[in-house]
Amino acid sequence: MVEPPSGPLQRPLPDGTVPETIVVRTEEHWIRIMVGMLVIMMVIIVLSSFVGALHPSSNVEVIDSRTLHLKGEFVESNLGTAVEPDGSVTVRLIAQQYDFVPRCVVVPAGTPVKFRLTSDDVIHGFLLPDTNVNTMVVPGFVAEVRTRFSEPGDYVMPCHEYCGLGHQAMWARVKVVPWQELAKQGRFERTSCAAQ
Ligand code: CUA
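Attention here is on the structure that accompanies the text. What you are looking at is a predicted structure, and each value in this text was computed from that prediction instead of being measured.

1. With respect to the overall build of the chain
Step number 1: The helix and strand inventory of the chain stands at three helices and 11 strands.
Step number 2: When the elements of the chain are put in sequence order from the N terminus, they spell out α-β-β-β-β-β-β-β-β-β-β-β-α-α.
Step number 3: When the 196 residues of the chain are sorted by exposure, 32% land in the buried category.
Step number 4: Considering only contacts in the chain between residues 6 or more positions apart, those separated by 24 or more positions represent 62%.
Step number 5: Within the structure as shown, the chain displays about 12500 Å² of accessible surface, and the carbon and sulfur contribution to it stands at 63%.

2. What about the nonpolar core?
Step number 1: Of all hydrophobic cores here, the largest spans 25 residues; its most connected members are F100, F115, F126, L128, F149 and V174.
Step number 2: Looking at this core, the elements that each hand over two or more residues are β3 (89–96), β5 (104–108), β6 (112–119), β10 (153–158) and β11 (171–177).
Step number 3: In terms of residue count, the dominant contributor to this core is β3 (four residues).
Step number 4: When neighbours within four sequence positions are excluded, F126 is seen to be in contact with L93, F100, F115, L117, V133, N134, T135, V137, V145, M157, P158 and H160.

3. Some details on the packing of aromatic side chains
Step number 1: Within the structure shown, the criterion is met by four aromatic pairs.
Step number 2: Relative to F126, the ring of F115 lies with its centre 5.3 Å away and its plane at 55°, an arrangement referred to as tilted. Taken together, the residues span a long stretch of sequence, with F115 in strand β6 and F126 in strand β7 (residues 124–127) at a distance of 11 residues.
Step number 3: Each member of the aromatic cluster is reached from another via a ring pair, and the members are F100, F115, F126, F149 and Y155.

4. Remarks on the pattern of salt bridges
Step number 1: Per the counting criterion, the structure on display carries nine salt bridges.
Step number 2: With a shortest N-O distance of 2.6 Å, R92 and E73 are connected by a salt bridge. With a gap of 19 residues between them, R92 in strand β3 and E73 in the loop between β1 (61–62) and β2 (80–83) connect regions that are remote in the sequence.
Step number 3: Salt bridges sharing common partners tie together E61, E73, R92, R116, E144 and R146.

5. A word on the environment of V62
Step number 1: Looking at the secondary structure, you find V62 in strand β1.
Step number 2: Each C-alpha atom of the pair V62 and A143 lies 9.3 Å from the other, and the pair is 81 residues apart in sequence.
Step number 3: In this structure V62 touches G140 and F141, once residues within four positions along its chain are discounted.

Definitions and limits used
- Residues numbered from 1 in each chain as written.
- Predicted model: local features only at pLDDT ≥ 70, side-chain atom pairs only at ≥ 80, totals over all residues.
- Heavy atoms only, no water.
- Helix = DSSP H or I, 4+ residues; strand = E, 2+ residues; numbered from the N terminus.
- Buried < 20%, exposed > 50% of the residue type's maximum accessible area, 1.4 Å probe, protein only.
- Contact = heavy atoms within 4.5 Å.
- Areas by Shrake-Rupley, 256 points an atom, 1.4 Å probe, with all protein chains shown as cover.
- Core = buried A, V, L, I, M, F, W, Y, C linked by side-chain atoms within 4.5 Å.
- Phe/Tyr/Trp six-rings, centres within 6.5 Å; stacked < 30°, edge-to-face > 60°.
- Salt bridge = Lys/Arg side-chain N within 4 Å of Asp/Glu carboxyl O.

Put into structure tokens, the structure is as follows:
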């Protein structure tokens, strides 16, 4: 006497269900559609990155994160808001576990503002809600973002890249003021608004 197959895959389907050949054909059909969709999406990503010259949001500028505090652009005395000869403003910040240095910067409204950031430990994120400012801050690289604030106001700048246990407490502020008010402030006041 022949034993019926015991494995679940060998057992015939019960009466009344879809025949096995149709099930197999349907599954193969859908696998082909899924693979086709994946291929189309990959082609779109690759082509659009070439055609639209897509690249990471920050420029690729390297820096030695071990000597940040000792020399170069990101020494402590050079951090915060600086007014350039052409009237634009550059803000330099360091992201570190779990703080931005400085914790608050003052920038003018209606003026081009360039943020330059770097990290001295792990990857952080830098985001100003309701603006185009959104970048990762990667150790060893300088992230640069340009924007212009149309109105005075306060912006929070949370770290939006998980960077460790204190990540959720890592945030700072950008205070946008009229140009005349910034011009009146000294260098120290432009970076000490955190205390207010
Ligand atoms: Cu820094 Cu999250």
